[in-house]
Amino acid sequence: MIRHKNITIARQLHSLWIIVTIVTAHPHSVSAADEVSFSRDIRPLLSGKCFACHGPDEEAREAALRLDSFQAATRDDSGTPAITPGKSSTSELVRRILSNDPDEQMPPPSSNKSLSVEQKKLLVRWIDSGAKYEQHWSFIPPSKPELPFVKNAEWPSNEIDRFILARLEAEGLGPAEAAVTRTLIRRVFLDLIGLQPTPKEADHWVNQLSAADGQFNEEAYAELVDHLLSLPQYGERWGRRWLDLARYADTNGYEKDRDRTMWPYRDWVIRALNADMPFDQFTIEQVAGDMLPGSTIDQRIATGFHRNTMLNEEGGIDPLEFRFYAMTDRVATTGTTWLGLTTGCCQCHTHKYDPITHREYYGLMAFLNNADEPDLNLPDPAAETRFQKNLIEADKLLAELPRHWPAKDEEDRMASLETAFTKWLATERPLAVDWQVMVPSSLKSNFPHLTVQDDGSIFASGDTTKFDTYELGFADVPAGATTIRLEALPDDRLPAHGPGSTYYEGRKGDFFLNEISVTLDGQPVTIKSASHSYAKNQFGKNPVTAALTIDGDYQTGWSAAGRPGERSVAVYVLSEPLPAGKTLDVKMTFGRHFASSFGRFRLSASSTSGDIVAREWSPEIERLLQIDDELLTDVQRQRLKNEFLLNASQLAEHTKKIRDLRRRPAWIDIPVLAERPSENPRPTFLHDRGEYLQPKDRIDARVPEALHPFPLDAPKNRLEFARWLVSRDNPLTARVVANRHWAAFFGTGLVKTLDDFGMQGEMPSHPKLLDWLAVSLMDEGWSIKRLHRKIVLTSTYRQTSDFPKSDSTPRVARQTGLSETRLLARFPRTRLEAEVIRDVVMKSAGLLSLKQGGPPVRPPQPDGISEASFGRPKWKASTGEDRHRRSVYTYQKRTAPFAMLTTFDAPSGEACIARRDVSNTALQALTLLNDEMFLEAARALGKLLAESPGGDRSRIESAFARVLTRPPSESETTRLLAFVTDQRSVIRVEYQAARIVEFEHAVKEARRKEAARKKAAEEKAAAAKKAAEAAAARDSLPGKSTAKPDKQDSAETKPNESGENSSPGKTDTKPKIPIPTEPKPVDEDAVELDVWTNVARALFSLDETLTKN
Amino acid sequence: MQSNQNSLSPQPSLDVARRYFLRDCGYGLGKMALASLLTGNANRIACAASSTAPLAVRQPHFEPSAKRVIQLFMAGAPSQLELFDEKPLLTKLEGSPLPPSVIGDQRYAFIRSDASVLGPRFKFAKHGESGAEVSEALPHLSKIVDDICMIRSVHTDQFNHAPAQLFFNTGFGQPGRPSLGSWVLYGLGAETENLPAYVVMTNSGGLSGGAALWSSGFLPTLYTGTPFRSQGDPILNVSTPPGISQQQQQATYSLINDLNRERLGAVGDPEIATRMASFEMAARLQTSAPELMDLSSESKATLDLYGVNPAKPSFARSCLLARRMIERGVRFANVYHNGWDAHSNVEGNVKNNAKATDQASAALVTDLKQRGLLDDTLVVWGGEFGRTPMVETNPALGRSLGRDHHPQAYTVWMAGGGIRSGMSIGKTDEFGFNIVEDPIHVHDLQATILHCLGFDHEKLTYHHAGRDFRLTDVHGHVVRQILS
């Protein structure tokens, strides 16, 4: 059998060689003389065609065969190793790839992954030459390569150029000419600050960059680069790119997609980049800033990076399920951003291509999973100052309250107030209760972590679920207790300061206690009645009361909505006093369609008899009320009196003001991470098939074995993980980062797949350059500004982007088929990013505001975009300069992103994006031409042009300088002059036509009014005549006065509708309403404005405007 | 100097462009073919690999039975128990809970699993030759049951709106994956040069899933669905702004074209030609969109059939527009109607929503059939999940006589495009809780829709983040029983 097989193989090999010989004649293929490279030729083949079934993933592995390592592929278990090094004829792999039998053939015909003849030949040659395996290039730590030799020693400006040029020379190509200085200036402005220069700036730098001898002034160019790197706009431009990776947005995502206060994180990114914070520090602060010793507010804000995950607030969701999805997002984002690895696959199973196992994936998750997700309460300094003033004012008003006590006079006032106060004390005192705090001896819950605090209260931390249950045991029940008090208490650690732990869907800090039950040694204790100090339902008007927590219906309960950070009290009266020496158990259940348990609460008991009712008193007041009158100090008495005054209905209008002044201003709540306390870590589990509902083994934090080792002595936590990410030993991070920045300048990365440095990713076009950049980046203290400086100072960067003039065939590299664009035989033209397009337009129109930071703003956009999302929120465009801020500050709503940005391929902030798509669509054309925001800019630029001195020609020049940073060519000027002349007459004719229509309308209107006026006058005259006749008839009667009625007098002097006097009784013949005789003249300024607005619209729409040339 | 309408014609730029295209064949191909497509010359440019053009017309894996899809998405999830799935036992059981063995460990959004049963609020009757059972709430659909295929055994993975809507439309419960329409466009390309090939219309309220429902996900952004707005410009910015005359607009287009052409000559980047083509298509859109929206050419009989008031945005108008769109080459039209989320008063909810959708949904099928379009147009009607046999009553939320979300079983109907007509498939238990016959997962529906369009759903893939993705993830089976 074996023999027979070998004969078949030999035959097949023979025929293959014939084909191969023909194939190798093709100049683009690897010539027979070339050595087969495992990394370049074989691994991509094996990875793409074989690893899905014969790779690292055990679950998916077929026939127990793995081809991803030499040992496994050459193992001789069954007598026929897949690969026999040096002997293709006895390699089962070869037999299978050459087989024509559909049952034997590999890859199987059904897989759609057939091998080409050339690929088969490569595999055969590789096996025959020893089947050497190499580690995947990106897992080998980079070392600084020697600078390559170049023939054209004049051309390189720095080390980078040597690598580029050496490659070009090897491919038989050369670099392009230098770009025109203006083009270069615009390019470097766009790249470094995301804005074009103003005409003045451009002129200045053109002068600077041209040395006296007409040569390019390198020093001046370096000066320009340093100038741009120092501008605050640098951080905005580069911050926006980082925010793509951070999946930044201003809303929570999913259905409700409510606002979140994420902008302080965005501003942190911008500040950090402007300060050139070293990238390793930049990383550590974002991944684990909260864990740095003595972490600053800024370092905690930085952890917003991983709080950019979405939060599902849809009623009824399982919050822990969506927390799990957020965790998978964090792992994926970390993989893409730092490691350039696609970890997402391993959520469900071991990676099919890259050496990351299913368990290792959850090991990575474990590093990130041990954090709580609180809000950092950033005080608003202005509001805090105002609040302190308010408190003083409130105290003042409080002191003045007695003066407002209703009374006849001063003497009576004091007396009557004292009487009322005494009466109040007499009423309240009997209601005050001596509460004994009950400290639980046992605490149990379904999920949250309950701990007893110093004051005997209980604090719930950790995760909360939709339906939580708390069970508290009390060993020492106060004997004779008749009443139990439940205090819902605020706590600074809770969402909105508590007392509840609600953090989504409902208002932050709310709670919903649906049932409470008490047992004594396991026997139910009957609760006779229940009362509360305050209750409010967030949803509708149906009652939420303490009484509903003992009605046996879990859908009803007690809630205290609308009072975040305040205490509320419920009191439960037992039907029998409790006997001594027994164990009391209190069980509470919480939850509605969202998690709403207590965050902090306390139980107390009292043996006071009588039906005690919950009061709004603070514990202090309740204590004071229990002190006998004669024992009260003056201060205590005043406290009680203040309490009385503040609650006196007679003073309601004054006390409301005091309460308002005492209400503390809202904090700015910023989502951050906070590592869990060591006594309550969050476990991480492996999830079968990646499903939330399938947790299996508990997994400890660990890094993938294929990567550099985690330091042995370092604790396995998030901070050390962050340090591991940016460790010098990490073969990936510096390469991934350098590559991404390279792509930002040149359109394509040295590794094209910016997000995938794994086996399925592309090989680098310039591996040595990439390593040089990565090592330099680390050597130079991870300075991103230095990297940028280095890049833009190269001759490579300064090449022209024009395509070669000749109609020659495209210059494609001999060896690899890489295009001249990839080889950088000229500067690649790239379309600008959405934000840059908008900013360039705004700047050219003189509208751009350079105000930095702060809450997001809303430039105008058509109605109906945000309305497609849940709740149909209206888009209220910002006013003033906020309409024209840089695009990085535009409000980003995930379910309804700003339309213009989306149209130009900006991401929605729902996932980490390393590389934006670049599309070219009709919708973009429509936006540029017709969108309100662009029209507004066109009008502004049109106005500037129309009002600028000089003729059409100079205006055209000015328009080009503003938008395109260059003078127009002669033919462009001619074309635009024709356009302007044509538009001027077209628009004037349109205005004339409009004026004629207006005129005709006005004539018609005047005639109509005149006719109406005439008619009215005639009627009036007729009426007056009639009245006069009647009067005359009356006058002729005896005994009547002849005096004229007053009315008529006044009518005679009163102006009529047309502003003229009318005299009744006379016939009015002269027309009183003037009929226009000719159309109004055309407003020439308006014509000019329209003409130049259209020029601006056209310029905004040009390909060149949208392009980095 | 051209300032007349002729300059809007694609020809002059194309000749220049073609030279560069051909020279540039090795790379930038996608762009090139896009340009050719946008300029209406898809087939004229000879370039071996032009199938890589993102919007060029492409052949699917096998002979399709449907060329286009109209999806009527009932957001909020209609109650199958009030519309399609008659369960008399529920009337008898009303007031008592379901056996726990039936409910299993299903999680619910609002109710708890021991909630009582609520009997159906509408009467059912058999209709048509097929004898399909439909409730009295759908008098119009009742008349066309012989033209549709009723699937009473659809189930999904998600039990909340946003995730479930995303799941139905993108095959995944979180945002970020390409929508069904995007996959179709990616697979088939675009037939129309005057309208977007994938159109989305929404009515009655914002959607839980938001713009992610028609997102192209990780596919190139130009496969994103284009929302047609019910008010204002149908396509964003498709109208020339007020104050700018047609003549000015034409001249501006012409100026842009001339300046871009000059630039193309100077720089030689074929991308400029693509940009020029996009302006040419924009100019065409400015004409074709109003023409599409103008219903004056529709007969009174047609308007009456749908129950359309041409002046008023409505689900009915969107259905009629969907028909007009596919007549004009639109590949995928998705009409969203929102409002079926009956947590309280399921009876009133069903009445109102049926009133808004029943007539037009049925009319669409009838109209397509009359015009001979139903044979190769697939119509899909359904929501993101079903509703519970148990009642939702919640005093704290002020709810009563409602139904909660039910992912285990619900009804979807399909018509035309290779789907058997006059048939029903799938059966639920007597509580309407679980499926007892022919369970059909949402991934199966997706696989079937792709099948009708000529695709093996396992082979319509896109390489992203290190692996090949597809609409049906690693699931889905074509429901062959419902294919004609």
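Here the structure is a predicted model, which is why all the values come from computation and not from measurement.

1. Quick notes on the overall build of chain B
In terms of helices and strands, chain B carries 14 helices and 17 strands. Per-residue burial for chain B yields a buried fraction of 65% across its 484 residues. Considering only contacts within chain B whose residues lie at least 6 apart along the sequence, 77% involve residues at least 24 apart. Of the roughly 15900 Å² of accessible surface on chain B, a fraction of 49% belongs to carbon and sulfur atoms.

2. Considering helix α18 (residues 410-428) of chain A
Residues and elements named next belong to chain A. For α18, spanning 19 residues, the distance from its first C-alpha to its last is 27 Å, which sits close to the expected 27 Å at 1.5 Å a residue. Among all positions of α18, only R413, L417, F421, W424, L425 and E428 are buried. Down the axis of α18, the buried set is contained in an arc of 95°. They therefore lie on one face. In α18, the exposed residues that point more than 90 degrees away from the buried face are E411, T419, K423 and A426. Its side-chain oxygen at 3.2 Å from the backbone nitrogen of E411, D409 defines the N-terminal cap of α18.

3. Observations regarding the packing of helix α34 (residues 1084-1101) of chain A against helix α9 (residues 246-267) of chain B
Direction vectors running N to C along α34(A) and α9(B) enclose 40°, while the axes themselves pass 9 Å from each other. With respect to α9(B), the axis of α34(A) lies oblique. Considering the relative orientation of α34(A) and α9(B), their crossing is right-handed. Contacts from A:N1094, A:R1097, A:A1098, A:L1099 and A:S1101 of α34(A) reach α9(B) at B:Q248, B:Q249, B:T252, B:L255, B:I256, B:L259 and B:N260. Taken together, the residues that form the contact of α34(A) with α9(B) break down as 5 nonpolar, 6 polar and 1 charged.

4. Some words on unusual backbone geometry
Residues other than glycine predominantly adopt negative phi, and peptide bonds predominantly adopt the trans conformation. Residues and elements named next belong to chain A. With an omega of -15°, the peptide bond running from M106 to P107 counts as cis. Between G498 and the following residue, P499, the backbone shows a cis peptide bond with an omega angle of 10°. Looking at the secondary structure, you find P499 in the loop between β8 (483-488) and β9 (513-520). Positioned with a positive phi, H497 is a non-glycine residue whose angle comes to about 70°.

5. Observations concerning the sheet that holds β9(A)
Residue and element names in this part refer to chain A. Strand order in the open sheet formed by 5 strands is β4-β7-β13-β9-β10, and the pairing between neighbours is antiparallel. At either end of the open sheet lies a strand with only one pairing partner, and these are β4 (442-445) and β10 (523-525). Sheet twist, expressed as the average angle between the axes of neighbouring strands with direction ignored, equals 25°. Across 3 bridges, the pairing between β9 and β10 is antiparallel. Of the residues in β10, the one forming a bridge with L520 is Q523.

6. What about the confidence of the model for chain A?
Residue and element names in this part refer to chain A. For chain A, mean pLDDT is 90; residues scoring 70 or higher make up 92% of the total. A low-confidence stretch, residues 17-33 (pLDDT under 50), is modelled with 22 contacts involving residues beyond four sequence positions or located in other chains. Here residues 1042-1065 scores under 50 on pLDDT; set against residues more than four positions off or in separate chains, the count is 16 contacts.

7. Quick look at the pattern of salt bridges
A complete count under the given rule lists 118 salt bridges over all chains for this structure. Across the pair A:E820 and A:R826 runs a salt bridge whose closest N-O atoms are separated by 2.7 Å. Considered together, A:E820 and A:R826 belong to a single accessibility category, that of buried residues. Measuring nitrogen to oxygen at the nearest pair gives 3.0 Å for the salt bridge that ties B:D376 to B:R68. On the criterion of sequence distance, the pair formed by B:D376 in the loop between α13 (346-370) and β8 (377-382) and B:R68 in strand β1 (residues 68-75) is long-range, its members being 308 residues apart. Each member of the pair, B:D376 as well as B:R68, carries the same accessibility label: buried. Among the ionic contacts, a cluster of salt bridges with common partners joins A:D455, A:R485, A:E487, A:D491, A:R493, A:R567, A:R600, A:R602 and A:E622.

8. Here we look at a nonpolar patch on the surface
Residues and elements named next belong to chain A. On the surface, V437, V439 and V452 cluster together into a nonpolar patch covering about 210 Å² of accessible area. Structurally, V437 can be placed in strand β3 (residues 436-438). Here V437 falls in the partly exposed class, since its relative accessible area comes to 39%.

9. A short note on the interface of chain A and chain B
With 107 residues of chain A at the interface, the matching set in chain B holds 86 residues. Surface buried jointly by chain A and chain B totals about 7800 Å² across both partners, of which 54% is contributed by carbon and sulfur atoms. Interface area lost by chain A to chain B is led by A:F803, A:N920 and A:R975, which between them contribute 10%. Applying the counting rule to chain A against chain B returns 6 salt bridges. With its nearest N and O atoms 2.8 Å apart, the salt bridge here joins A:R829 to B:D269.

10. Structural notes on the packing of aromatic side chains
Residue and element names in this part refer to chain A. In total, this model carries 59 aromatic pairs over all chains according to the counting rule given. With a centroid separation of 5.5 Å and 55° between ring planes, the pair formed by F216 and Y221 is classed as tilted. Y221 gets classed as buried once you look at its relative accessible area, which sits at 1%. Ring centres of W238 and F745 lie 5.3 Å apart, and the angle between their planes is 35°; this geometry places the pair in the tilted category. Here W238 is found in helix α11 (residues 232-245), whereas its partner F745 is found in helix α23 (residues 733-746), with 507 residues between them in sequence. Under the relative-accessibility criterion, F745 is labelled buried at 0%. In this structure an aromatic cluster arises from ring pairing among W242, Y265, W268, F279, F282, F305, W338 and W782.

11. Here we look at the confidence of the model for chain B
All names here are of chain B. Averaged over all residues, the pLDDT of chain B is 88; the fraction at 70 or higher stands at 89%. Taken as a whole, residues 1-52 scores under 50 in pLDDT and shows 100 contacts with residues more than four places along the chain or in a different chain. Interface confidence for the predicted complex, given as ipTM, is 0.86, next to a pTM of 0.88.

12. Description of the pairing of strand β11 (residues 410-415) of chain B
The buried fraction of β11(B) is high, at 6 of 6 residues. Burial of the side chains of β11(B) extends over both faces: B:Y410, B:V412 and B:M414 are buried on one face and B:T411, B:W413 and B:A415 on the other.

13. Quick word on the packing of helix α29 (residues 922-930) of chain A against helix α10 (residues 270-293) of chain B
Relative to each other, α29(A) and α10(B) sit at 75°, their axes nearing to 7 Å. Judged by the inter-axis angle, α29(A) sits roughly perpendicular to α10(B). Contact residues: α29(A) offers A:A922, A:Q924, A:A925, A:L926, A:L928, A:L929 and A:N930, while α10(B) offers B:R275, B:S278, B:F279, B:M281, B:A282, B:L285 and B:Q286. Of the residues assigned to the contact of α29(A) with α10(B), the class counts are 9 nonpolar, 4 polar and 1 charged.

14. A few points about the environment of B:A190
The residue B:A190 is located in the loop between α8 (180-188) and β5 (198-203) in this model. Placed 69 residues apart in sequence, B:A190 and B:R121 show a C-alpha to C-alpha distance of 44 Å.

15. A word on helix α10 (residues 218-230) of chain A
Residues and elements named next belong to chain A. Across its 13 residues, α10 extends 18 Å between first and last C-alpha, which sits within 8% of the 18 Å expected from 1.5 Å per residue. Buried within α10 we find A220, Y221, A222, L224, V225, L228 and L229. Considering only its buried residues, α10 is in contact with α8 (181-193), α9 (199-209), α11 and α25 (784-792). In this structure N217 caps α10, since a side-chain oxygen of it lies 3.0 Å from the backbone nitrogen of E219.

Cut-off values and rules
- Residues numbered from 1 in each chain as written.
- Chains lettered and ligands numbered in written order.
- Predicted model: local features only at pLDDT ≥ 70, side-chain atom pairs only at ≥ 80, totals over all residues.
- Heavy atoms only, no water.
- Helix = DSSP H or I, 4+ residues; strand = E, 2+ residues; numbered from the N terminus.
- Buried < 20%, exposed > 50% of the residue type's maximum accessible area, 1.4 Å probe, protein only.
- Contact = heavy atoms within 4.5 Å.
- Areas by Shrake-Rupley, 256 points an atom, 1.4 Å probe, with all protein chains shown as cover.
- Expected span 1.5 Å × (residues − 1).
- Arc of directions from axis to C-beta.
- Polar contact = N/O pair within 3.5 Å; in protein donor to acceptor, adjacent residues only side chain to side chain.
- Axes fitted to C-alpha atoms, helices over the stretch in contact; angles between N-to-C directions.
- Parallel < 35°, antiparallel > 145°, perpendicular 65-115°, else oblique.
- Left-handed = near helix turned anticlockwise from the far one by under 90°.
- Nonpolar A, V, L, I, M, F, W, Y, C, P; charged D, E, K, R; others polar.
- Pairing = 2+ DSSP bridges.
- pLDDT = per-residue confidence, 0-100.
- Salt bridge = Lys/Arg side-chain N within 4 Å of Asp/Glu carboxyl O.
- Patch = residues over 30% accessible without salt bridge, like charges linked within 9 Å, V, L, I, M, F, W, Y side chains within 5 Å.
- Buried area = accessible area lost by both parts, 1.4 Å probe.
- Phe/Tyr/Trp six-rings, centres within 6.5 Å; stacked < 30°, edge-to-face > 60°.

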